[in-house]
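Notes for the structure review
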Amino acid sequence: MTRFPLISPRPLFSLAALCALSVSAGASAATLSVGPGKTFSSPCKAIAAAANGDTIEIEGSASYDGDVCVIYASNLTIRGVNGRPKINAAGQNAVGKGTWVLYGNDTTIDNVELFGAAVPDQNGAAIRLDARGLTLKNSYLHHNENGILTNNDAASDVVIEDTEFAFNGLGNGYTHNLYIGNINSLVFRGSYSHDANVGHNLKSRARTNTIVYSRFSASTNQPSYEIDLPNAGNSYVIGNVIHQPSANQAATMLAYGEEGASNPGHELYVVNNTFLNDDSVRGTFVMIGDQVSKPTLLQNNIFSGTGNATNRPSAIDLNNYRSLSPSFINRGEFNLLPALGAAMIDAGAAVGASSGGLSLSPTLQYRFPVGTEARPANGIIDIGAYEAGGALSTIVAGTVSAVTAAVTTVATAPTATASGAAAEGGWADCASENGSCSFSGTRQVRYGANGVYAYRSATDGIACDNATFGDPLYGVVKACSYAQ
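These lines cover the structure that appears in this document, whether it is placed above or below.

1. Observations concerning the nonpolar core
Core analysis: the biggest nonpolar cluster contains 62 residues, and Ile 56 and Trp 100 have the highest contact counts within it. The residues touching Ile 56, leaving out its near neighbours within four places in the chain, are Leu 32, Val 34, Ala 46, Ile 47, Ala 50, Leu 76, Thr 77, Ile 78 and Arg 79. Counting 16 residues, the second largest nonpolar core, distinct from the first, contains Leu 337, Met 344, Val 370 and Ile 383.

Right, dumping it as structure tokens:
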């Protein structure tokens, strides 16, 4: 009798292959330009004129307040250029549902900022998917009743990558940073969802969920579950940072099947994640509903803080590390690489495959605030979301994101960067907003004004704009400087 019934010794395909899932789109028939002096003065005017397969390019140096609409064309690509365009619903809504309401299939949205979605029934969304298929990347959705809200089309696939969700939710527990309906599949990769207002940082009823190399956390708001998969479904939760703040609305961090495991798949794989519970009184890291019929695999995870790893004794508990205070490089700044000599180093177990042959071995790791980088191959795999020996300058996280900094107006500069350069008094100005910051070698770069900054590490220069850093201080002219 095999002890681990969900593991196949020979993976037939990889996690990377599953993550590469994208919604097909037809070739672009025309490119419609939006912005001051362009053919169309606002995105919705271009959207109204668009045909299937067109591309809409929105000038990123402008804002488009109150520009809300229904999107009817299919295979449409909408992207920001020359920066990230800001679209504030500003009290307006399309058909009582939100800012952009998708009736066309297979839409791709790239590099936009959407905020302010609110509707009379209090269930508005920056992006409302009432069709089939959505790809969202490099974007920023914040301060909406819902960031994304989808329908229940069982043939629909949603792909989200390199995108930040923050401060969405009305505060009633029924609205969330993301609310994915009972669709075919969700891929959530290299993204950052934080500070949902009472609701969940991610809620998905999809039949298959691939949640990888991302971060879920809070610094000012009180979210409920960090990840909620209420109807089960075959789900892969791999390589994430999952953080529960001390003040929260629910003691569970990852919930699976708690509303009834009505999806056909009941396989949950929780592999190489770093869980952080700042609630010193209570906590369940992985809560599994009673109707889930198959044992969950918990392997190579860090469970940091108070609480039980899971409520289900049948879960397969393999090479997980439990500690109130694991040895990280800098826990306060969310630099979660194992410190020198940490017990997590070389303490993992080789990761197998799912029952369907999907390799569960992590190949990437999350990079703050959005994105991924290769996970180093250093012999025996480490426990947790990060492998010791990575490039610290590219994944040091910071305690707040660009959105959080803008809302709280707190200067987030640490006393020293990951590369060891002094943070204050050791910065060289290099570019104004929308310019190019030039230097030699690898440097820590900050972007902002008035003591509010977003940080990135770069080699031999970086664009000084919202598209690269996010917008740490809305409506204020910003600049870049690098650590000397």
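Still more ground to cover, so stick around.
2. Describing the sheet that holds strand β16 (residues 185-189)
Spatially, 12 strands are ordered β1-β2-β4-β7-β10-β13-β16-β19-β22-β25-β28-β31 in an open sheet, and the strand pairing comes out parallel. Looking at strand neighbours, the two that pair on one side only are β1 (31-34) and β31 (316-318), the edges of this open sheet. Across the sheet, the mean angle separating the axes of adjacent strands is 10 degrees when strand polarity is ignored. Where strand β28 (residues 297-299) lies against β31, three bridges are found, and the strand directions are parallel. In the sheet register, Leu 297 faces β31, and the bridge partner there is Ile 316.

3. As for unusual backbone geometry
Negative phi values dominate among residues other than glycine, just as trans dominates among peptide bonds. The amide bond that connects Phe 368 to the next residue, Pro 369, takes the cis arrangement and shows omega of -5 degrees. Secondary-structure assignment places Pro 369 in the loop between β35 (364-366) and β36 (372-374). The phi dihedral of Asn 75 falls on the positive side, at around 55 degrees, and the residue is not glycine. Relative to the helices and strands, Asn 75 is located in the loop between β3 (69-71) and β4 (77-81). Although it is not a glycine, Asn 272 adopts a positive phi angle of roughly 50 degrees. Within the fold, Asn 272 resides in the loop between β25 (268-271) and β26 (274-277).

4. Examining the state of the cysteines
Every disulfide links exactly two cysteines, by a covalent bond between their sulfur atoms. In the structure shown here, the tally under the stated rule is three disulfides. Shown here is the disulfide that connects Cys 44 with Cys 69, its sulfur atoms set 2.2 Å apart. Since a negative S-S torsion denotes a left-handed disulfide, the Cys 44-Cys 69 link at about -80 degrees is left-handed. Remark: Cys 69 occurs in strand β3 and Cys 44 occurs in helix α2 (residues 43-49); sequence separation between them is 25 residues.

5. Re the sheet that holds strand β32 (residues 321-323)
Judged by pairing direction, the sheet is parallel, and its 10 strands sit side by side in the order β5-β8-β11-β14-β17-β20-β23-β26-β29-β32 without closing on themselves. Edge positions in the sheet fall to β5 (86-88) and β32, since each has one partner strand and no second. On average, each strand axis in the sheet is tilted by 10 degrees relative to the strand beside it, whichever way the strands run. Here strand β14 (residues 164-166) runs beside strand β17 (residues 192-194); their pairing, made up of three bridges, is parallel. What sits directly across from Phe 165, in β17, is Ser 193.

6. Some details on the packing of aromatic side chains
Scanning the entire structure with this criterion turns up 11 aromatic pairs. Centre to centre, the rings of Phe 285 and Phe 303 are 5.1 Å apart; their planes meet at 50 degrees, and the pair counts as tilted. With Phe 285 in strand β27 (residues 284-288) and Phe 303 in strand β29 (residues 302-304), the pair connects residues that are 18 residues apart, well separated along the chain. The burial state of Phe 285 is the same as that of Phe 303; both residues are buried. Taken together, Phe 165, Phe 188 and Phe 216 form an aromatic cluster joined through their ring pairs. For Arg 215, the ring lying beneath its charged end belongs to Phe 334, and the centroid distance is 3.9 Å. Positioned above the aromatic ring of Phe 334 is the side chain of Arg 331, whose terminal nitrogen or guanidinium carbon lies 5.2 Å from the ring centre.

7. Details of the side chain of Thr 252
Note on placement: Thr 252 falls in strand β24 (residues 252-256). Using a relative accessible area of 9% as the deciding quantity, one classes Thr 252 as buried. When neighbours within four sequence positions are excluded, Thr 252 is seen to be in contact with Ser 224, Tyr 225, Glu 226, Gln 244, Thr 284 and Met 287.

8. Description of the pairing of β16
β16 sits mainly inside the fold: five of its five residues count as buried. Burial along β16 is two-sided: Ser 185, Val 187 and Arg 189 facing one way and Leu 186 and Phe 188 facing the other are all buried. Across five bridges, strand β13 (residues 157-161) lies against β16 in parallel orientation. The partner of Glu 161 across the bridge, within β16, is Arg 189.

9. A short note on a nonpolar patch on the surface
Taken together, Tyr 72, Val 95 and Tyr 103 make up a surface patch of nonpolar side chains, about 330 Å² in accessible area. Among the residues examined, Tyr 103 registers a relative accessible area of 33% and is labelled partly exposed.

10. Here's the deal with the pattern of salt bridges
Evaluated as defined, the whole model comprises 14 salt bridges. The partner of Asp 153 in a salt bridge is Arg 132, and the shortest N-O contact between them spans 3.0 Å. Of the two residues, Asp 153 sits in the loop between β12 (146-150) and β13 while Arg 132 sits in the loop between β9 (125-129) and β10 (134-137), which places them 21 residues apart along the sequence. Classification of Arg 132 as partly exposed rests on a relative accessible area of 37%. Residues Lys 294 and Glu 267 are paired through a salt bridge, measuring 3.2 Å at the closest nitrogen-oxygen approach.

Conventions adopted
Residues numbered from 1 in each chain as written. Predicted model: local features only at pLDDT ≥ 70, side-chain atom pairs only at ≥ 80, totals over all residues. Heavy atoms only, no water. Core = buried A, V, L, I, M, F, W, Y, C linked by side-chain atoms within 4.5 Å. Buried < 20%, exposed > 50% of the residue type's maximum accessible area, 1.4 Å probe, protein only. Contact = heavy atoms within 4.5 Å. Pairing = 2+ DSSP bridges. Helix = DSSP H or I, 4+ residues; strand = E, 2+ residues; numbered from the N terminus. Axes fitted to C-alpha atoms, helices over the stretch in contact; angles between N-to-C directions. Disulfide = S-S within 2.5 Å. Phe/Tyr/Trp six-rings, centres within 6.5 Å; stacked < 30°, edge-to-face > 60°. Lys NZ or Arg CZ within 6 Å of the ring centre and 35° of its normal. Patch = residues over 30% accessible without salt bridge, like charges linked within 9 Å, V, L, I, M, F, W, Y side chains within 5 Å. Areas by Shrake-Rupley, 256 points an atom, 1.4 Å probe, with all protein chains shown as cover. Salt bridge = Lys/Arg side-chain N within 4 Å of Asp/Glu carboxyl O.

Fair warning: the whole summary comes from geometry, so function is off the table for now.
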